[in-house]
Amino acid sequence: MADAPVATTPALATLLTPRLSLRAVADADLSDLYDIHSDEVVTRYLPFAPWAGYDDGRAWIARMRGLVDSGQAQQRVLQKLGSGKVIGTALLFAFDRDDGCAEIGYVVGQAHWGHGYMREALRALCSHAFATSELGGQVGGQVGGGGLRRLQANIDPNNTQSTGLIERLGFVREGTLRERWLDNGRPTDCAVYGLLAKDWISERN
């Protein structure tokens, strides 16, 4: 479905990396997204069950568009340059307008694990979040170009692939929320990670 016309939300900037385009979700992405979100291994630590069919995907796309249009989130897909295949998603959400903070979430298809795609994507997303004036109208506490002051990631400590990735990006583990989530009725902990704009900027100067 990569060759189909792509209808995206104009207000959501497309971010480019050497191998990826991070852009708004399009209807044409449904098939690729279904391959990712219907995989029980990939969705093991996500806050929703694997998609059972395309209707689940359509509902997700509609929900994400609503959040983007209302300024509550920035949901992007990760599209490989060249092939046009969508291999994952990356999300900024839970904006705190007073304190200049937001949360980050992400997922990548199992076939693309171990190739550095998500690290590449999140580097671009963090730089965008901390530097761009696009976020200045949504949150306070601007730094530099008017972006966010702090990013947070909440991760199941058992998800060692995700915690390892976020730590390599410079996020610092700040604590554990005990039994924060219910996973199929079983209480699980939440590891809280934070990254400050001043640390991100400092490490890259």
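Residues numbered from 1 in each chain as written. Predicted model: local features only at pLDDT ≥ 70, side-chain atom pairs only at ≥ 80, totals over all residues. Heavy atoms only, no water.

**Observations concerning the pairing of strand β4 (residues 86-96)**
Put simply, side chains in a regular strand alternate between the two faces of the sheet. Put simply, the rule reads: Categorising residues by exposure relies on relative accessible area from a 1.4 Å probe, with only protein chains included: less than 20% of the type maximum marks a residue as buried, more than 50% marks it as exposed, and the intermediate range marks it as partly exposed. Strands here are runs of E lasting at least two residues and helices are runs of H or I lasting at least four, both read from the DSSP assignment and numbered beginning at the N terminus. Should DSSP find at least two bridges between two strands, the strands are regarded as paired.
Of all the 11 residues making up β4, eight are buried; the element is thus mostly covered by neighbouring parts of the structure. Hairpin connection, strand β3 (residues 73-80) to β4: the antiparallel pair is bridged by five residues, and G82 has positive phi, about 95°. Pairing analysis gives seven bridges linking β4 to strand β5 (residues 101-108), with the strands arranged antiparallel. If you follow L91 over to β5, its bridge partner there is G105. Two successive antiparallel strands, β4 and β5, enclose a turn made up of four residues, where G100 displays a positive phi of approximately 70°.

**Overview of the pairing of strand β6 (residues 150-155)**
In this structure, β5 lies alongside β6, joined through three bridges in parallel fashion. Pairing of A102 across the sheet is with L151, part of β6.

**Comments concerning the packing of aromatic side chains**
Any pair of aromatic rings gets described here by the distance separating the centres and the angle formed by the planes. The criterion, for reference: Side-chain rings of Phe, Tyr and Trp, where Trp is taken by its six-membered ring, are said to pair if the distance between their centres is within 6.5 Å; with planes under 30 degrees apart they count as stacked, over 60 as edge-to-face, and otherwise as tilted. Only lysine NZ and arginine CZ atoms are considered, and such an atom sits over a ring when it is within 6 Å of the ring centre and within 35 degrees of the ring normal.
Across all of its chains, the model carries three aromatic pairs by this definition. Ring centres of W51 and W60 lie 5.8 Å apart, and the angle between their planes is 55°; on these two criteria the pair is classed as tilted. Taken individually, W51 and W60 each receive the classification buried, so the pair is uniform in this respect. Residues F130 and W200 carry aromatic rings whose centres are separated by 6.3 Å and whose planes lie at 50° to one another, so their mutual orientation is tilted. Here F130 is found in helix α3 (residues 117-131), whereas its partner W200 is found in helix α5 (residues 197-203), with 70 residues between them in sequence. Given the relative accessible area of 4%, W200 is considered buried. Directly above the aromatic system of Y117 lies the positively charged group of R19, at a separation of 4.1 Å from the ring centroid. In this structure, R44 packs its charged tip against the face of Y45, placed 4.7 Å from the ring centre.

**Details of the sheet that holds β4**
Strand order in the open sheet formed by eight strands is β1-β2-β3-β4-β5-β6-β8-β7, and the pairing between neighbours is mixed. This sheet does not close on itself; its edge strands, each paired only once, are β1 (15-16) and β7 (172-183). The pairing of β1 with strand β2 (residues 20-24) spans two bridges and is classified as antiparallel. Each residue of the ladder has a partner; that of L16, found in β2, is S21.

**Let's talk about the packing of α3 against helix α4 (residues 160-168)**
Quick reminder of the rule: Every angle, taken between N-to-C directions, lies between 0 and 180 degrees, and every axis is a line fitted to C-alpha atoms, over only the stretch in contact when it is a helix. Each angle is binned into one of four classes, with values under 35 degrees roughly parallel, values over 145 roughly antiparallel, values of 65 to 115 roughly perpendicular, and all other values oblique. The sense of a crossing depends on the near helix, which, turned anticlockwise from the far helix by less than a right angle, makes the crossing left-handed and, turned clockwise, makes it right-handed. Pairs of residues are marked as contacts when any of their non-hydrogen atoms sit within 4.5 Å.
Contact pair α3 / α4: the axes reach a minimum separation of 10 Å and the direction vectors enclose 45°. The pairing of α3 with α4 is recorded here as oblique in orientation. Read as a crossing pair, α3 and α4 show a hand that is right-handed. Here α3 contributes M118, R119 and L122 to the contact with α4, which in turn contributes L165, I166 and R168.

**Regarding the confidence of the model for the chain**
Which entries qualify depends on this criterion: A score from 0 to 100, pLDDT tells how confident the predictor is in each residue.
Averaged over the chain, the pLDDT score is 88; the fraction of residues at 70 or greater is 88%. When pLDDT is averaged over each element of the chain, helix α1 (residues 30-37) comes out on top at 98 and α5 at the bottom at 86. Overall, residues 1-10 carries pLDDT values under 50, and its contacts beyond four positions in sequence, including any with other chains, amount to 19 contacts.

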